[in-house]
Amino acid sequence: MQNYRPSLGIPPAVKILLILNAAMYFLSIFVKQSFHVDMANLLGLHLPQSFYWAPWQYITHMFMHGSFPHLFFNMFALFMFGRILESLWGSKRFLIFYFVCGIGAGALNSLVGWFEIHRMLEQYTAFKAAPTPTLLSDFVNHQLAHPAPWIWEVIDTWINSPASAEYIETGKQIFQEIINLKINVPMIGASGAIFGILLAFGMLFPNTELYLMFIPIPIKAKYFVLGYGLLEIFLGLQNNAGDNVAHFAHLGGMLFGYLLLRFWNKNRQKFY
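In this report, we go over the structure that sits alongside the text.

Rules used in this analysis
- Residues numbered from 1 in each chain as written.
- Predicted model: local features only at pLDDT ≥ 70, side-chain atom pairs only at ≥ 80, totals over all residues.
- Heavy atoms only, no water.
- Helix = DSSP H or I, 4+ residues; strand = E, 2+ residues; numbered from the N terminus.
- Buried < 20%, exposed > 50% of the residue type's maximum accessible area, 1.4 Å probe, protein only.
- Polar contact = N/O pair within 3.5 Å; in protein donor to acceptor, adjacent residues only side chain to side chain.
- Contact = heavy atoms within 4.5 Å.
- Expected span 1.5 Å × (residues − 1).
- Arc of directions from axis to C-beta.
- Axes fitted to C-alpha atoms, helices over the stretch in contact; angles between N-to-C directions.
- Left-handed = near helix turned anticlockwise from the far one by under 90°.
- Nonpolar A, V, L, I, M, F, W, Y, C, P; charged D, E, K, R; others polar.
- Phe/Tyr/Trp six-rings, centres within 6.5 Å; stacked < 30°, edge-to-face > 60°.
- Lys NZ or Arg CZ within 6 Å of the ring centre and 35° of its normal.
- Parallel < 35°, antiparallel > 145°, perpendicular 65-115°, else oblique.

Some words on the environment of threonine 132
Step number 1: Position of threonine 132 among the secondary structure elements: in the loop between helix H5 (91-129) and helix H6 (133-143).
Step number 2: Since its relative accessible area comes to 30%, threonine 132 is described here as partly exposed.
Step number 3: At a separation of 3.2 Å, a polar atom in the side chain of threonine 132 contacts the main-chain amide nitrogen of leucine 135.

Considerations on the side chain of histidine 65
Step number 1: Summarising the element assignment, histidine 65 is placed in the loop between helix H3 (57-60) and helix H4 (68-89).
Step number 2: At a separation of 3.2 Å, a polar atom in the side chain of histidine 65 contacts the side chain of asparagine 74.
Step number 3: For histidine 65, the side chain forms a polar contact with the main-chain nitrogen of alanine 190, separated by 3.3 Å.
Step number 4: Beyond its immediate stretch of four places on either side in the chain, histidine 65 contacts Asn21, Tyr25, His70, Leu71, Asn74, Met75, Ile188, Gly189 and Ala190.

Observations concerning unusual backbone geometry
Step number 1: One non-glycine residue, histidine 36, lies in positive phi territory at about 55 degrees.
Step number 2: Structurally, histidine 36 can be placed in the loop between helix H1 (12-35) and helix H2 (39-43).
Step number 3: For histidine 36, a relative accessible area of 69% translates into the label exposed.

Things to note about helix H7 (residues 149-160)
Step number 1: Under the 1.5 Å per step criterion, the end-to-end length of H7 is 17 Å for twelve residues, consistent within 8% with the ideal 16 Å.
Step number 2: Buried within H7 we find Ile151, Val154, Ile155 and Trp158. Angularly, the buried residues of H7 cover 95 degrees about the axis, an arc narrow enough to put them on a single face. Exposed residues pointing more than 90 degrees away from the buried face of H7 are listed as Pro149, Glu153 and Asn160.
Step number 3: Looking at the buried residues of H7, the elements they touch are H5, H6 and helix H8 (165-183).

Observations concerning the packing of helix H9 (residues 191-204) against helix H10 (residues 221-238)
Step number 1: The interhelical angle for the contact between H9 and H10, taken along N-to-C directions, is 145 degrees, at an axis separation of 8 Å. In the crossing of H9 with H10, the sense of the turn from one axis to the other is left-handed. Between H9 and H10, the contacting residues are Phe195, Leu198, Leu199, Phe201 and Gly202 on the first element and Ala221, Lys222, Phe224, Val225, Tyr228 and Glu232 on the second.
Step number 2: Residue composition of the contact of H9 with H10, grouped by class: eight nonpolar, one polar and two charged.

A short note on the packing of aromatic side chains
Aromatic ring pairs are reported here in terms of the distance separating the ring centres and the angle at which the planes meet.
Step number 1: On inspection of all chains with the given rule, the structure shows 23 aromatic pairs.
Step number 2: Each ring, one from tryptophan 89 and one from tryptophan 264, has its centre 5.5 Å from the other, and the planes form 80 degrees; the classification is edge-to-face. Taken together, the residues tryptophan 89 in helix H4 and tryptophan 264 in helix H11 (residues 247-264) connect sequence positions 175 residues apart. Each member of the pair, tryptophan 89 as well as tryptophan 264, is classed as buried.
Step number 3: Measuring from centroid to centroid gives 6.2 Å for phenylalanine 127 and tryptophan 158, while their planes differ by 90 degrees, and the two rings are edge-to-face. Pair noted here: phenylalanine 127 is in helix H5 and tryptophan 158 is in helix H7, with a separation of 31 residues, a long-range link.
Step number 4: Relative accessible area serves as the criterion here: at 0%, tryptophan 158 is assigned to the buried category.
Step number 5: Aromatic ring contacts, followed pair by pair, group Tyr25, Phe26, Phe68, Phe72, Phe73 and Phe76 into a single cluster.
Step number 6: For arginine 83, the ring lying beneath its charged end belongs to phenylalanine 79, and the centroid distance is 4.7 Å.
Step number 7: In this arrangement the basic side chain of arginine 93 is found over the ring face of tryptophan 264, its NZ or CZ atom lying 4.2 Å from the centre.

A look at the packing of H1 against H4
When two helices pack together, you describe them by how their axes are tilted relative to each other and by the distance separating the axes.
Step number 1: Two numbers describe how H1 lies on H4: the axes approach to 9 Å, and their chain directions differ by 170 degrees. Here H1 lies roughly antiparallel to H4, going by the angle between them. Here Pro12, Ala13, Val14, Leu17, Leu18, Asn21, Ala22, Tyr25 and Phe26 of H1 come into contact with H4, specifically with Phe68, Leu71, Met75, Leu78, Phe79, Gly82, Arg83 and Glu86.
Step number 2: Partitioned by chemical class, the residues of the contact of H1 with H4 number 13 nonpolar, two polar and two charged.

In structure tokens form, the structure reads like this:
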């Protein structure tokens, strides 16, 4: 496998995916500016608890991107690694792999998100039973990177009047608004499918040396993929308030990519 050389052109499936992703990005900008409709909210993947959740979002979220850098780096990775896999597998198998990884990424993100929201609702139940400004402050600090100044004003004032029914009710409303915010933030981007592609490349071409931007030292693909996966696990478990990256979606793409590769090769004597 180390001597394999792909064709220099862009194979058809990768070309179509590049065009569709770019077209959807610029179309979403046009629709938002012209009609004030947020396509990311319609086509991005919402959590199952959200009113906006729809089953087709497990596919459509892969074609929505929040910024040009987000789009560029995903499409750059698709071009660099996807064309090699498509040249090796053919367009049909490549597209199956791409969508399985992308849908799997969304599924794992939904599962992890469901548990996170369930835990937040349990915290809210405990807060309603014994509301205190300290509990609200801890929840705000954990869930919001930059809380609005008025929230801290409410908490500080409540500390001076802990039995105030008005501040207790306001505290409950803040708690609910934060939970609703978390529930209704959509996940967008092709990153889950891209991480599946990175994993496949690392498994099929483990000793290929890669040169990363800003790092002048080559690194073998297998170590790059392993390190990237471990980093995603670490960041996902950290669950920092200011981190808006869907790390478990990335891991979902890698997991489903690994399982699909193993399924395809279960009857082979050699890997692929």
